[in-house]
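Summary of the model geometry
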Amino acid sequence: YTLAKPILDKYGIKTTQLIPCNFVGTSGSMTWSQVLSLQAEGHDIQSHTMNHLHANTLSQSQLDYEFGQAVPCMDNNGTIPVHMMALPFYEGYNNATVIKTIAKYYDSDRAGDGNTFFLHCDVPNSGESDCRPFDANGALTQYNKYNIRTYSSDSAASTVNWDDAKTFGLFIKEANSATTNTGPNSTEVPIILYHNMVLDNSKVSYSNKGTTPVLLDAEMKYLVENNFKIWTTKSLAY
């Protein structure tokens, strides 16, 4: 809210904020007032579970609490009803029990790691012809609305020792990585995920490193100057 929002405001960019409901108001996290301020200004607020736990380790009752209780928790604190969840740690997207539980409460889920996400399930060479999350044998399909792939800026930065110039180069490559958008409508999009904002990566431990304001400014400027259309998840359907 303090480091990224001024840059987003500068370029008129709206984002999707994925909120672990029980984290709001705790040390280092936004308050509900700040979350609702972002929402009022056009940012999309969605669920990141109750407590950001490892889904593959949870019982069915725990899954129902972590995923299901986040819906009224967000609503009771004033957000617009959520329709999307984000699995913590990229875990559970290939677990049928986890996905079936998510489907009870949400229309879609940000889950696996990937360079781009296809807005249609008939991905070239995938062998899929419809958008069902499970095939006729009950196995999870590779491309479905509960496995929305995202590119993690933090993970990419860690591969180049958090060097802003190198991370920016990877960002440009990612932003231009869609290969199937040859018609009038986009069918493939990069979804770029940010975790931490830090003033200076040299001043924090490895586990707390992240995106600096200088880097975020350069990335958002690149998108605007190169006429990228920027969507929140409210604009996506599958």
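See the structure printed just above.
Residues numbered from 1 in each chain as written. Predicted model: local features only at pLDDT ≥ 70, side-chain atom pairs only at ≥ 80, totals over all residues. Heavy atoms only, no water.

1. Observations regarding the overall build of the protein chain
The condition that has to hold: Secondary structure elements follow DSSP: runs of H or I no shorter than four residues count as helices, runs of E no shorter than two count as strands, and numbering proceeds from the N terminus. Only protein chains enter the area calculation, which uses a 1.4 Å probe; residues under 20% of their type maximum are buried, those over 50% are exposed, and those in between are partly exposed. The contact definition used throughout considers only heavy atoms, calling two residues in contact when any of these lie within 4.5 Å. In these tables, accessible area is a Shrake-Rupley quantity obtained with a 1.4 Å probe, and a residue counts as shielded only by the protein chains included in the view.
Helix and strand counts for the protein chain stand at eight helices and eight strands. Here the C-alpha coordinates of the protein chain stretch approximately 50 × 45 × 35 Å along the principal axes. With 238 residues in all, the protein chain has 44% of them scored as buried. Considering only intrachain contacts with a sequence separation of at least 6, the fraction spanning at least 24 residues in the protein chain is 68%. Surface summary for the protein chain: the accessible area is close to 12000 Å², and the carbon and sulfur share equals 51%.

2. As for unusual backbone geometry
Its identity is not glycine, yet threonine 49 carries a phi of approximately 75°, on the positive side. With respect to the secondary-structure elements, threonine 49 resides in the loop between strand S2 (44–47) and helix H3 (60–68). Taking relative accessible area as the criterion, threonine 49 reaches 1% and is therefore assigned buried. Phi is positive for tryptophan 162, close to 60°, though the residue is something other than glycine. Tracing the backbone shows tryptophan 162 in the loop between helix H6 (153–158) and helix H7 (164–175). Looking at tryptophan 162, the relative accessible area reads 9%, which means it is buried.

3. Points about the packing of aromatic side chains
In plain terms, the rule: Aromatic contacts are taken between Phe, Tyr and Trp rings whose centres are within 6.5 Å, Trp giving its six-membered ring; a plane angle under 30 degrees counts as stacked, one over 60 as edge-to-face, and the others as tilted. Comment: the charge-over-ring label is applied if NZ (Lys) or CZ (Arg) is within 6 Å of the ring centre and within 35 degrees of the ring normal.
For the structure shown, the criterion picks out six aromatic pairs. With a centroid separation of 6.2 Å and an interplanar angle of 90°, the aromatic rings of phenylalanine 168 and tyrosine 222 are classed as edge-to-face. One end of the pair, phenylalanine 168, is in helix H7; the other, tyrosine 222, is in helix H8 (residues 213–225), with 54 residues separating them in the sequence. Ring geometry for tyrosine 222 and phenylalanine 228: centres 6.0 Å apart, planes at 40°, overall tilted. Residue classification places tyrosine 222 among the buried residues on the basis of a relative accessible area of 18%. With a relative accessible area of 28%, phenylalanine 228 lands in the partly exposed category. Ring pairs connect the aromatic residues Phe168, Phe171, Tyr222 and Phe228, which therefore count as one cluster. Across the ring face of tyrosine 1, the terminal group of lysine 5 is positioned such that the distance to the ring centre comes to 5.7 Å. One residue, lysine 100, lies across the ring of phenylalanine 134, its end atom 5.3 Å from the ring centre.

4. A few points about the nonpolar core
The line we're drawing: We define the nonpolar core as a collection of buried residues of types Ala, Val, Leu, Ile, Met, Phe, Trp, Tyr and Cys that are connected through side-chain atoms lying within 4.5 Å of one another.
With 26 residues, the main nonpolar core has Phe67, Leu87 and Ile102 as its most contacted residues. Going through the elements one at a time, helix H2 (32–40), H3, helix H4 (70–76) and helix H5 (96–105) are the ones with two or more residues in this core. Setting aside chain neighbours within four positions, we find isoleucine 102 in contact with Phe67, Met85, Leu87, Asp109 and Tyr146. Core analysis: the second largest hydrophobic core is formed by eleven residues, Ala4, Ile7, Leu216 and Leu223 among them.

5. Here's the deal with the state of the cysteines
Rules: Cysteine sulfurs are considered disulfide-paired once they come within 2.5 Å of each other.
Per the counting criterion, the structure on display carries one disulfide. Between the sulfur atoms of cysteine 21 and its disulfide mate cysteine 73 the distance is 2.0 Å. With the S-S bond torsion at -90°, the cross-link from cysteine 21 to cysteine 73 turns out left-handed. Of this pair, cysteine 21 sits in the loop between strand S1 (16–19) and H2 while cysteine 73 is found in helix H4, placing the two residues 52 residues apart along the sequence.

6. Remarks on the pairing of strand S6 (residues 148–152)
Just so we agree on the cut-off: In this scheme, strands are said to pair when DSSP sees at least two bridges between them.
Across the five residues of S6, five count as buried, placing the element largely inside the fold. Side chains Ile148, Thr150 and Ser152 of S6 all project onto a buried face; the interleaved residues Arg149 and Tyr151 project onto the opposite face, where all are buried too. Sheet topology note: the strand S4 (residues 108–113)/S6 ladder contains two bridges and is parallel. Following the sheet pairing, arginine 110 is matched in S6 by isoleucine 148. Of the strand pairs in this sheet, S6 and strand S8 (residues 192–193) are connected by two bridges, and their pairing is parallel.

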